[in-house]
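Residue strings, one per chain:
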Amino acid sequence: MRESKMKLIRYSVCFLLIALLCWMFPYTGDDWAWGSQIGIDRLNVWFYNYNGRYVGNLIVLALTRSNLLKTLVMAICLTGIIFLIEYISKKKWSFYVSCIALLMIPKGVLSQAVVWTSGFSNYVVPVFLILIFIAYAYPVFEKEMPKRRKWHCVPFFLLGAMTSLIMENITIYNVILTIGIIVYTIAVHHKVIASHAAWLLGSVAGAVYMFSNKAYHSVVNKESAYQQIGERGIIGNAEKNYVEVIAKYLCLDNVWINLAILIVCFLLFCQCRMLWQRKKELWAARLCLILMTAFNVWAFLSSFGIDIAEKQKRLLYMDGLAVVVYMLGLIVFSILVGIKKNCLWRLLFWNAGIVCLCAPLLVVNPIGPRCFFPIYVLFILLLNELGCQLDGKMIKTILEGKIFQNACICISLVGMAFYLNIFYAIYQVDRDRLVQIRRQEMLGQTSVEVRYLPYGSYLWNDIPEGGWGERFKLFHRLPEYLELKAVYEYSGEKK
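Read on for an overview of the structure. (Residues numbered from 1 in each chain as written. Predicted model: local features only at pLDDT ≥ 70, side-chain atom pairs only at ≥ 80, totals over all residues. Heavy atoms only, no water.)

Attention now moves to the overall build of the protein chain. For the protein chain, the helix and strand inventory stands at 21 helices and four strands. Counting only C-alpha atoms, the protein chain reaches 80 × 55 × 50 Å along its principal axes. When burial is assessed residue by residue, the protein chain has 55% of its 495 residues classed as buried. Counting only contacts in the protein chain whose residues sit at least 6 apart along the sequence, the fraction spanning at least 24 positions is 80%. For the protein chain, the computed accessible surface area is about 23500 Å², with 66% contributed by carbon and sulfur atoms. (Helix = DSSP H or I, 4+ residues; strand = E, 2+ residues; numbered from the N terminus. Buried < 20%, exposed > 50% of the residue type's maximum accessible area, 1.4 Å probe, protein only. Contact = heavy atoms within 4.5 Å. Areas by Shrake-Rupley, 256 points an atom, 1.4 Å probe, with all protein chains shown as cover.)

Quick look at the pattern of salt bridges now. When charged atoms on two side chains of opposite charge get close, those side chains can pair. Within this structure, the stated rule accounts for eleven salt bridges. Linking Asp 30 and Arg 471 is a salt bridge whose minimum nitrogen-to-oxygen distance equals 3.2 Å. Of the two residues, Asp 30 is situated in helix α2 (residues 30-34) and Arg 471 in helix α21 (residues 467-475); the sequence distance between them amounts to 441 residues. Owing to a relative accessible area of 23%, Arg 471 belongs among the partly exposed residues under this scheme. Glu 470 serves as the salt-bridge partner of Lys 473, at 3.2 Å between the closest nitrogen and oxygen. Separated by three residues within a single helix, Lys 473 and Glu 470 lie in helix α21, roughly one turn from each other. (Salt bridge = Lys/Arg side-chain N within 4 Å of Asp/Glu carboxyl O.)

Here we take up empty space enclosed by the protein. For the coordinates displayed, the defined rule picks out two cavities of 30 Å³ or more. In this structure, the largest cavity occupies an estimated 90 Å³ of space. Around the largest cavity, the lining residues are Val 127, Ile 130, Leu 131, Ile 134, Ile 170, Tyr 173, Leu 357, Pro 374, Val 377, Leu 378 and Leu 381. When contributions to the lining of the largest cavity are tallied by element, the ones reaching two or more residues are α8 (117-137), α10 (168-189) and α18 (373-388). (1 Å grid on protein atoms, 1.4 Å probe; cavity = no way out; pocket = protein on both sides within 12 Å on 5 of 7 lines; lining within 4 Å. Points joined across faces, edges and corners; volume = space filled by probe spheres on them.)

In this structure, Ile 134, Leu 250, Phe 333, Phe 373, Phe 379 and Phe 423 are the most contacted members of the largest nonpolar core, which totals 145 residues. Broken down by element, this core gets its largest block of residues, 14 residues, from α8. Sequence-distant contacts of Phe 423, that is, excluding residues within four places in its chain, are made with Leu 21, Met 24, Phe 25, Val 115, Tyr 458 and Leu 459. Counting residues in each nonpolar core, the second largest holds ten residues, with Ile 437, Val 450, Leu 478 and Leu 484 among its members. (Core = buried A, V, L, I, M, F, W, Y, C linked by side-chain atoms within 4.5 Å.)

Our focus in this paragraph is helix α4 (residues 54-63). Along α4, eight of the ten residues are buried, which leaves the element largely enclosed by surrounding structure. Turning to α4, its buried residues number three or more, namely Tyr 54, Val 55, Gly 56, Asn 57, Ile 59, Val 60, Leu 61 and Leu 63.

Take the pairing of strand β4 (residues 483-487) next. Pairing of strand β3 (residues 447-451) with β4 involves five bridges; the strand directions are parallel. By the bridge assignment, Val 450 is partnered in β4 with Ala 486. After leaving β3, the chain enters α21 and then returns to the sheet as β4, a path that is right-handed. (Pairing = 2+ DSSP bridges. Right-handed = clockwise from strand over helix to strand, strands pointing away.)

As enumerated under the stated definition, the model contains zero disulfides in all. Here Cys 371 is not disulfide-linked; the sulfur of Cys 358 is the nearest cysteine sulfur, at 9.9 Å. Overall, the relative accessible area of 6% leaves Cys 371 in the buried class. For the unlinked cysteine Cys 408, the closest cysteine sulfur is that of Cys 99, found at 8.8 Å. Cys 408 sits in the buried class, given a relative accessible area of 4%. (Disulfide = S-S within 2.5 Å.)

A positive phi angle, near 60 degrees, is found at Lys 90, a position not held by glycine. Exposure remark for Lys 90: the relative accessible area of 59% places this residue in the exposed category. Of note, the phi angle at His 190 is positive, near 60 degrees, even though the residue is not glycine. Along the polypeptide, His 190 turns up in the loop between α10 and α11 (194-211).

A word on the side chain of Ser 164. Topologically, Ser 164 is positioned in the loop between α9 (153-163) and α10. The buried category is assigned to Ser 164, whose relative accessible area is 0%. A polar contact of 3.2 Å, which involves the side chain of Ser 164, links it to the backbone oxygen of Ser 203. Aside from chain neighbours lying at most four places away, what touches Ser 164 is Thr 171, Asn 174, Ser 203, Gly 206, Ala 207 and Met 210. (Polar contact = N/O pair within 3.5 Å; in protein donor to acceptor, adjacent residues only side chain to side chain.)

Here the focus is the packing of aromatic side chains. The tally for this structure, following the rule as stated, stands at 33 aromatic pairs. Residues Tyr 136 and Phe 156 carry aromatic rings whose centres are separated by 4.2 Å and whose planes lie at 35 degrees to one another, so their mutual orientation is tilted. With Tyr 136 in helix α8 and Phe 156 in helix α9, the pair connects residues that are 20 residues apart, well separated along the chain. Residue Tyr 136 is classed as buried on the basis of its relative accessible area of 11%. On the basis of relative accessible area, Phe 156 is assigned to the buried category, the value being 10%. (Phe/Tyr/Trp six-rings, centres within 6.5 Å; stacked < 30°, edge-to-face > 60°.)

The residue Asp 253 is located in the loop between α13 (234-252) and α14 (255-272) in this model. Every residue in contact with Asp 253, bar those within four places of it in the chain, is listed here: Pro 106, Lys 248 and Ser 303.

Looking at the element boundaries, Phe 128 is found in helix α8. As for Phe 128 and Cys 77, which are separated by 51 residues in sequence, their C-alpha atoms are 5.9 Å apart. Discounting chain neighbours no more than four positions away, the residues touching Phe 128 are Ile 76, Cys 77, Gly 80, Ile 81 and Leu 84.

What follows concerns the packing of helix α1 (residues 2-23) against helix α20 (residues 402-442). At a closest axis distance of 9 Å, the pairing of α1 and α20 adopts a crossing angle of 25 degrees. With respect to α20, the axis of α1 lies roughly parallel. Helix-helix and strand crossings are classified by hand; for α1 and α20 the assignment is left-handed. Facing Leu 17, Ile 18, Leu 20, Leu 21 and Trp 23 of α1, the residues of α20 in contact are Leu 413, Met 416, Tyr 419, Leu 420, Phe 423 and Tyr 427. (Axes fitted to C-alpha atoms, helices over the stretch in contact; angles between N-to-C directions. Parallel < 35°, antiparallel > 145°, perpendicular 65-115°, else oblique. Left-handed = near helix turned anticlockwise from the far one by under 90°.)

Here's what the structure looks like:
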């Protein structure tokens, strides 16, 4: 009873802090379009020739019309992701690890996938929904499957269809994930779970409906002005995307979670080296640890020392090679540990998911940091699964100890205080500049100043200039004749 009460308290505090932070996130970029008549016009033609993200589009339409609704949905999804990670691992320490990992998320991913409402609707929401199914299906890796009721088929069919109507690469992953789970269940347990099959049917139905949208025919026929597939040829496009974007956001920028994975892998090596009787296994594990350690050093220097705009082509290719070597080392080490710890398929499940989510990004443009939020969450889950393989004594003394929990709470509170400071400053300026614009409008001015939001690196498309300025006016119901002039400080004010 006491443990249940403490769990309720920590999740309540987590939810309230996240909600407070999300309330301060401003609407920017595409949010101005979705929250104005432009979004209604897209809805009136049912997103014809726009995209097949029907559920994602409906979500962002709703969230851009109510800051309270946006705050609640964001807080529920982010807190829900943390809860589901703990539920899957069945370890209390997973809560603290997940909180810190999400606080340490790379800034680019944070700004585009979490803070930006349009990005949140397409990348965070489907992760939350997929984790519901994974938490439900993950017991297939146990010796005995829990019994599932027939009526579960209906909600999981609907949930599977909804999840497949939000983001394309997640739609593909959703289908492949379910096929893999069903094949494993047949091979190991010699049966098919009806609710798993229902999720698959819903996922396939959603995928078919999504890709029937005319927008994807335009993409395939190279008629789309926005999305392209293999614009430089499949190989050329894959090379460009990987070197310039994927390598950075797949692994290089995840310096803290990379370090945590390395530490856990080193502890697992210390436990398993007596189990690896053959020298080949032992040396392979050592080589993997050396490669992973070398990558961590490289990632620290590459991510913190040099901005990507400054990197020469040679260094970009070296970054790409380092990421390939790291991923191979991590996968091989996971296999070696998995065989000895009887958790091979669990570890491969998360590794394969990372590869599956990343693969479509090689051939599609444009891609950005927002595409890597689902992958980042899978890295958190892989970290947790590796941590679960540490022996009971080590877990009890380190991960389940009061010192570890108190340290995590301290780090989380400091991290949250930092973000609250950043986004409160943004919230103040975002609110005040609209008041300033309306004041200038009332004075009869046709050209008004719009102050830049502070900490712009934590935001996406926050400057209302050009086409964004027209959408900004539509969103805030400002007169069309107003000319917006973006400035760092209003005229006559001291910086």
